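Single-letter residue listing:
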Amino acid sequence: MKSTQQPQHHLPLDLPVDLDEAVHRCLVAGFDGTTGVPHTLKRLIDRGLGGVILFTRNVRDAAQVRRLTDELRALRPDLLVAIDNEGGGIGHLVAAGAPEVPGSYALGVVDDPDLTARCADALAGHLASLGITVSYAPVADLQHHPDNPIVRTRSFGADPELAARHLRAWITATEARGVASCAKHFPGHGGTVTDSHHEMAVDRRSYDEIYADVEPFRAAVAAGVPMLMSAHVVYPALDPERPATLSRRILDDLLRHDLGFEGVLVSDALEMKAIADRYGEAAGARLALAAGADQVIVAVPDLATTLACRDAVIDALRDGTLTEERVREAAGRVRKLAERYAGAAGEQGEGAVGPWDAGAGLEAARRAVRGGSAGVGEGAGLRGGSAGLVGASAVPGGSGGSGGGVVSVGRGAYVVDLFAPPHPALNWGGEDLLSEVRALDPMAAGIALNEAPVDPGALVEGILRCAAGVPLVVATSDAGLYPWQRELRGALVAGRGDAVVVETGLPDRAAAFCTYGRGRVNLLALAEVLVGVPVGDV
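Scope of this entry: the structure provided in the associated data block. All figures in this text were calculated on a predicted structure; none of them were measured in a lab.

1. Some thoughts on the side chain of N58
Structurally, N58 can be placed in the loop between β2 (51–54) and α3 (62–75). For N58, a relative accessible area of 0% gives the class buried. In contact with N58, not counting residues within four places along its chain, are F31, D32, G33, T34, I53, Q64, V65 and L68.

Structural data, given as structure tokens:
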């Protein structure tokens, strides 16, 4: 039986008001609904809740989002309102008119920091117009492992110096809009083969290899990034016992002392399986704060989970496993962040945000697919060359990359678009290549498929029959991760040696060219090339 006797170092059952507020400052809560603020959330805000995180479930249109953020700030002006807003099809504001920008990998391929800054400015300007004060972006992870399932085109690439210059551009542009950026996922998620949304990820590389991944974060800190997000990844070379989110060695020794970061460190969402299955969200909140995190995200809409995390922190304060000094330190950093950003949102007001370049994203996507695709893979090229394609012709390339042309298949093509289903935690707006091609060429036909077919042989036979006499385009998305895509692609190419193979994820040796992402502008830029629309005429 648990003893009811309390050691002398226990705090009173009722915390001092300022300490109770400090506890709540350390929490970021998700919630449900597009109008009105749930009663439980109002109570949390009244007691000092540090922030809320919005998802697609909270978004109907731009005017509604602005009303919601105004209502939240009316409850407490220094409440931080956050959202994941990376671009490249990963975001939650499509219904609110979010600017279309490619993912970071395409920006890295183009390697024009000024263009990256224009894309980041568009995203941040839109957030500011909606009253959103924190953007959980950019991704500072380096994409190393070909089988990494979660970073991929969200990263600027594998080169630390390239990533550093684009991080600086992104952070500076976001800061200029009065929006807090957040580089993630410290100290790097790109060397894993596991998605921490589903299970604990482990990066077994050496200390020196992992330390190289820290350099983009060092550059972000030097650029003045106000927030960093931790990774739910175990790095045995750094701490063999705990994931970074729960590791004092990583969050305190490496991040605070080595990198000198003085801003707010926020955990990735605690309901992710890497934490929830092994520790539980409530224990995760307590352990993360003890390790050096300043805020923990509880993104699920069920506020009972947030309350459980809050109560676990309070219990830890009472029994001494979490110190009052640590909680006050964390809350102080959050309060300072709120003073800097939440107040600015209230001062700007709706309609006070300056314009942004709505075309920057499409420009970047076009330059990536037209100029960056020459080096998709060693020996990558169109089977048989452009002369072997049904109706093939050259389309002038954009700036950057090879400077040469890319091949158009012309109008009336049959397009097969193969891609994975949407990630449950990363919103996907339903974009597909076939729709973008048909918007430019109503004569086009095809199929968009996001799961393995029941009868691949029958599907291939039907596609080859429908595509007889017209150009055939076969698009895959990270085919290296999905055997069903590779098998279908192989069967289709075997039946049609002149098929044009393209890739909408990371570069693939089998592909003629690549979009480096599946954001809508990535797919539109590819559709323009396939149909034969010159950039100057778009």
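Okay, back to it.
2. A word on the sheet that holds strand β8 (residues 201–202)
Pairing is mixed in the open sheet, where three strands are placed in the order β8-β10-β11. Looking along the sheet, the strands with just one partner apiece sit at the ends: β8 and β11 (239–243). Across two bridges, the pairing between β8 and strand β10 (residues 233–235) is parallel. Bridging across to β10, A201 finds its partner in V233.

3. Looking at the packing of α3 against helix α5 (residues 113–130)
Between α3 and α5, whose axes approach to 8 Å, the crossing angle comes to 60°. By the angle class used here, α3 and α5 are oblique. Of α5, the residues touching α3 (which contributes A62, V65, R66 and T69) are A128, S129 and L130. Tallied by class, residues from the contact of α3 with α5 come to four nonpolar, two polar and one charged.

4. Focus on the layout of surface pockets
In this structure, the largest pocket spans a volume of roughly 670 Å³. Along the lines of polarity and charge, the residues of the lining of the largest pocket split into 13 nonpolar, 14 polar and six charged. For the second largest pocket, the calculated volume is near 500 Å³. Lining the second largest pocket we find 30 residues, and of these H197, A269, E271, M272 and A425 sit closest to its centre.

5. Comments concerning the packing of aromatic side chains
Applying the stated criterion to the full structure yields four aromatic pairs. Look at Y105 and Y516: their rings are 6.0 Å apart centre to centre, the planes differ by 15°, and that puts the pair in the stacked class. With a gap of 411 residues between them, Y105 in helix α4 (residues 104–110) and Y516 in the loop between β20 (513–514) and α17 (520–531) connect regions that are remote in the sequence. No difference in accessibility class separates Y105 from Y516, as the two residues are buried. Judged by centre distance (6.4 Å) and plane angle (70°), the ring pair of F156 and W170 falls under edge-to-face. Of the two residues, F156 sits in the loop between β6 (134–135) and α6 (160–176) while W170 sits in helix α6, which places them 14 residues apart along the sequence. A relative accessible area of 3% means that W170 is categorised as buried. The ring of F419 has R518 lying over it, and the distance from NZ or CZ to the ring centre is 4.2 Å.

Thresholds applied
- Residues numbered from 1 in each chain as written.
- Predicted model: local features only at pLDDT ≥ 70, side-chain atom pairs only at ≥ 80, totals over all residues.
- Heavy atoms only, no water.
- Helix = DSSP H or I, 4+ residues; strand = E, 2+ residues; numbered from the N terminus.
- Buried < 20%, exposed > 50% of the residue type's maximum accessible area, 1.4 Å probe, protein only.
- Contact = heavy atoms within 4.5 Å.
- Pairing = 2+ DSSP bridges.
- Axes fitted to C-alpha atoms, helices over the stretch in contact; angles between N-to-C directions.
- Parallel < 35°, antiparallel > 145°, perpendicular 65-115°, else oblique.
- Nonpolar A, V, L, I, M, F, W, Y, C, P; charged D, E, K, R; others polar.
- 1 Å grid on protein atoms, 1.4 Å probe; cavity = no way out; pocket = protein on both sides within 12 Å on 5 of 7 lines; lining within 4 Å.
- Points joined across faces, edges and corners; volume = space filled by probe spheres on them.
- Phe/Tyr/Trp six-rings, centres within 6.5 Å; stacked < 30°, edge-to-face > 60°.
- Lys NZ or Arg CZ within 6 Å of the ring centre and 35° of its normal.

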